[in-house]
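# Structural characterization, general
Each chain, written out:
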Amino acid sequence: MPVRKYTYYDFTLSLCEQCLKRVDAKIVFRDEKVYMLKHCPEHGASTVLIADDVEYYKSIRNYNKPSEVPLRFNTKTHYGCPYDCGLCTDHEQHSCLTVVEITDRCNLTCPTCYACSSPTYGRHRTLEEVKKMLDAVVLNEGEPDVVQLSGGEPTIHPDFFAILDYAKTLPIKHLMLNTNGIRIAQDFDFARRLAEYQPDFEIYLQFDSFRNGVLRELRGADLTRIRDQAIEHLNKLNLSTTLVVTVQKGLNDDEMGAIIDYGLQQPCVRGVTFQPTQIAGRLDNFRPATDRITLTEVRRKILEQTPILKGEDIIPVPCNPDSLAMAYILKLDGGNFPLTRYVNPQDLLDNSKNTIVYEQDDVLKGKMIELFSTGNSVERSEENLHAILCCLPHIEAPNLTYSNLFRVIIMQFMDAHNFDVRAVKKSCVHIVDKDCRIIPFETMNLLYRDEKAVRLQELKEVYP
Ligand code: SF4
Ligand code: SF4
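A few points on the structure. All values reported here derive from a predicted model rather than from experimental measurement.

Next up on the list: the overall build of the protein. Secondary structure assignment for the protein yields 15 helices and 18 strands. Here the protein, with 464 residues, has 61% of them falling under the buried criterion. Restricting the contact set of the protein to residue pairs at least 6 apart, pairs at least 24 apart contribute 69%. Within the structure as shown, the protein displays about 18400 Å² of accessible surface, and the carbon and sulfur contribution to it stands at 49%.

Now the structure itself:
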């Protein structure tokens, strides 16, 4: 009998990347890679690489656990996913991280920008609007785990500090500022004022690359000096910082190990987040046919480029395993020790037992038992050690401070090419829109942002 050239694994719904209509999609394995085969009645068939590691892709399903949902949902389920955001009653995960975009404007016009920001685009949200958006997050979440002030560039908002002051009055466990770092680099007093919002306040700093040419491609400017100056100020203030790297195949995917090594040497840096480019918004220097990179490719390249991490150290994050992978590294006495391999995956899936297990330790055993044990002499940081991403393993370690912990996170936001309705229902990074709906990051940039809403309305007429 004739035999297919692939192994059929699963079926899901996706989107046609041209018209954004919902289409059938098969997940198949071929040549040790995972592909999505789609067919749009109007625009024909397409094949999309979604992972280059079949075993990792299959292992993701073992990380599913009962969904934690928000205290309230915001919309009804009517047109079907993804046209009902949100969050509609069919969503399967609360907001682990909520982005609050306080302005459309920016002091840069990056060639890569999902929000299409620029110095003249859109407007600043008013202080009252921002307060309502923040209040909406609290109504959904009670005590939100992580709220990220974003934009555009939030630091250029005229009421920036009033917004920070208000956010700090709310029961938000961890507040982040998503910034390109220009103001932090150019104005030390500004950075010093930011540091007053610690503890539980962190800078999410656009970083991308050490290379001038890469920064010009992604950001339209040579920001190498800005990056250096920003890190110098943040180090001086020991202001917790995550480096954020937008990853584009063939452009900066060879720098990931070096960025992790660099981050480990900076006193202020608590981790690096790698985000494969989402095909959405402004993408002037991006060719979808050659420049897309998948989560598993990023994971594999990190493992190739840094000797610190091995395969078992970068694992799926259970709240949204299709899109998130992570590793913990412990910074101790000048050494860097991978920690995730000590996580028992079964404990990760049990919300009541989500803690680091350290008994199987080898060379680190003595040191770690000492540090993880109770009764202690080292002063504990005021910073909440386990606040970042609620579903990461909690670390109860009286002798450790937040600065001992370093996270490597891969955060892949699906786009119309690799969109998978099964997976998007678990999306846990959400954006508050100006009507105070809470919309998954993925669908916001495809269907809900600004002029995209026109296409969404047309699609709703297709699915009445
Ligand atoms: S992505 Fe979530 S909120 Fe949006 S339509 Fe689908 S289930 Fe509903
Ligand atoms: S990517 Fe960030 S820094 Fe660049 S234009 Fe957009 S909002 Fe501004």
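Look at any regular strand and the pattern is simple: side chains alternate between the two faces of the sheet. Sheet topology places strand β1 (residues 7-15) next to strand β2 (residues 22-30); 8 bridges connect them, and they run antiparallel. Across the sheet, residue Thr 7 finds its bridge partner in β2, namely Phe 29. The turn joining β1 and β2, which pair antiparallel and follow one another in sequence, is formed by 6 residues; a positive phi near 65 degrees is taken by Leu 20.

As a structural note, the neighbourhood of ligand 1 is formed by Cys 81, Pro 82, Asp 84, Cys 85, Leu 87, Cys 88, Asp 90, His 91, Val 424, Lys 425 and Pro 440. For the shell around ligand 1, the class distribution of residues is 7 nonpolar, 1 polar and 3 charged.

It is worth spelling out the pairing of β2 at this point. Alignment of β2 against strand β3 (residues 33-40), held across 6 bridges, turns out to be antiparallel. The residue bridging Phe 29 from the neighbouring strand is Val 34, located in β3. Between the end of β2 and the start of β3, which pair antiparallel, lie 2 residues, with Asp 31 showing a positive phi angle near 55 degrees.

This part is about unusual backbone geometry. Cis geometry is found at the peptide bond from Cys 81 to Pro 82, where omega equals 10 degrees. Looking at the secondary structure, you find Pro 82 in the loop between α1 (54-59) and β5 (97-101). Here the residue pair Gln 198 and Pro 199 is connected by a cis peptide bond, since its omega of 0 degrees sits within 30 degrees of zero. On the secondary structure map, Pro 199 appears in the loop between α5 (188-195) and β9 (201-206). For Asp 200, which is not a glycine, the phi torsion comes out positive at approximately 60 degrees.

Here Thr 306 shows up in the loop between α10 (295-305) and β13 (315-316). Non-local contacts of Thr 306, meaning those with residues more than four positions away in its chain, are made with Gly 257, Ile 260 and Asp 261.

Val 100, Leu 194, Phe 274 and Ile 302 are the most contacted members of the largest nonpolar core, which has 86 residues in total. The element contributing the most residues to this core is helix α2 (residues 127-141), with 6 residues. In this structure, Cys 85, Cys 96, Phe 419 and Val 424 belong to the second largest nonpolar core, which totals 39 residues.

What follows deals with the site of ligand 2. Around ligand 2 sit Cys 106, Leu 108, Cys 110, Thr 112, Cys 113, Ser 117, Gly 152, Asn 180, Gln 206, Arg 219 and Arg 282, and that is every residue in its neighbourhood. When grouped by side-chain class, the residues that make up the shell around ligand 2 number 4 nonpolar, 5 polar and 2 charged.

The subject of this paragraph is the packing of helix α14 (residues 441-448) against helix α15 (residues 452-462). Between α14 and α15, whose axes approach to 7 Å, the crossing angle comes to 85 degrees. Classified by the interaxial angle, the pair formed by α14 and α15 is roughly perpendicular. Along the contact surface, α14 presents Asn 445, Leu 446, Leu 447 and Tyr 448, while α15 presents Lys 452, Ala 453, Leu 456 and Leu 459. When its residues are assigned to classes, the contact of α14 with α15 shows 6 nonpolar, 1 polar and 1 charged.

The next point concerns the pattern of salt bridges. Evaluation of the coordinates by the stated rule reveals 28 salt bridges. Across the pair Asp 52 and Arg 300 runs a salt bridge whose closest N-O atoms are separated by 2.6 Å. Here Arg 300 lies in helix α10 and Asp 52 lies in the loop between β4 (44-51) and α1, a separation of 248 residues in the sequence. Judged by its relative accessible area of 14%, Asp 52 falls in the buried class. Salt-bridge contacts for Asp 291 lead to Arg 287; the nearest nitrogen and oxygen are separated by 3.0 Å.

With that settled, consider the sheet that holds β4. Two orientations exist for strands paired in a sheet by backbone hydrogen bonds: parallel and antiparallel. One open sheet accounts for 4 strands, arranged β1-β2-β3-β4; its pairing is antiparallel. Two strands bound the open sheet, and with one partner strand each, they are β1 and β4. When strand polarity is set aside, the average angle formed by the axes of neighbouring strands in this sheet is 25 degrees.

Contact geometry for α2 and helix α3 (residues 160-169): axes closest at 10 Å, N-to-C directions at 25 degrees. With respect to α3, the element α2 is oriented roughly parallel. Where α2 crosses over α3, the handedness of that crossing is right-handed. Every residue of α3 that contacts α2 at Leu 127, Val 130, Lys 131, Leu 134 and Asp 135 is listed here: Ala 162, Ile 163, Tyr 166 and Ala 167. Of the residues contributing to the contact of α2 with α3, the split by class is 7 nonpolar, no polar and 2 charged.

We now examine the packing of aromatic side chains. Per the counting criterion, the structure on display carries 12 aromatic pairs. Taken together, a centroid distance of 5.9 Å and an interplanar angle of 50 degrees make the contact between Tyr 197 and Phe 201 tilted. Ring geometry for Phe 413 and Phe 441: centres 3.9 Å apart, planes at 25 degrees, overall stacked. Placement of Phe 413 in the loop between β16 (405-411) and α13 (421-424) and of Phe 441 in helix α14 is noted, with a sequence separation of 28 residues between them. One exposure class covers both Phe 413 and Phe 441, and it is buried. Through a chain of ring-to-ring contacts, the aromatic side chains of Phe 160, Phe 161, Phe 190, Tyr 197 and Phe 201 assemble into a single cluster. Between the NZ or CZ atom of Lys 26 and the centre of the ring of Tyr 8, over which it lies, the distance is 5.8 Å. For the cation-ring pair, Lys 236 lies above Phe 188, with the distance from its terminal atom to the ring centre recorded as 5.5 Å.

Rules and cut-offs
Residues numbered from 1 in each chain as written. Chains lettered and ligands numbered in written order. Predicted model: local features only at pLDDT ≥ 70, side-chain atom pairs only at ≥ 80, totals over all residues. Heavy atoms only, no water. Helix = DSSP H or I, 4+ residues; strand = E, 2+ residues; numbered from the N terminus. Buried < 20%, exposed > 50% of the residue type's maximum accessible area, 1.4 Å probe, protein only. Contact = heavy atoms within 4.5 Å. Areas by Shrake-Rupley, 256 points an atom, 1.4 Å probe, with all protein chains shown as cover. Pairing = 2+ DSSP bridges. Near = heavy atom within 4 Å. Nonpolar A, V, L, I, M, F, W, Y, C, P; charged D, E, K, R; others polar. Core = buried A, V, L, I, M, F, W, Y, C linked by side-chain atoms within 4.5 Å. Axes fitted to C-alpha atoms, helices over the stretch in contact; angles between N-to-C directions. Parallel < 35°, antiparallel > 145°, perpendicular 65-115°, else oblique. Salt bridge = Lys/Arg side-chain N within 4 Å of Asp/Glu carboxyl O. Left-handed = near helix turned anticlockwise from the far one by under 90°. Phe/Tyr/Trp six-rings, centres within 6.5 Å; stacked < 30°, edge-to-face > 60°. Lys NZ or Arg CZ within 6 Å of the ring centre and 35° of its normal.

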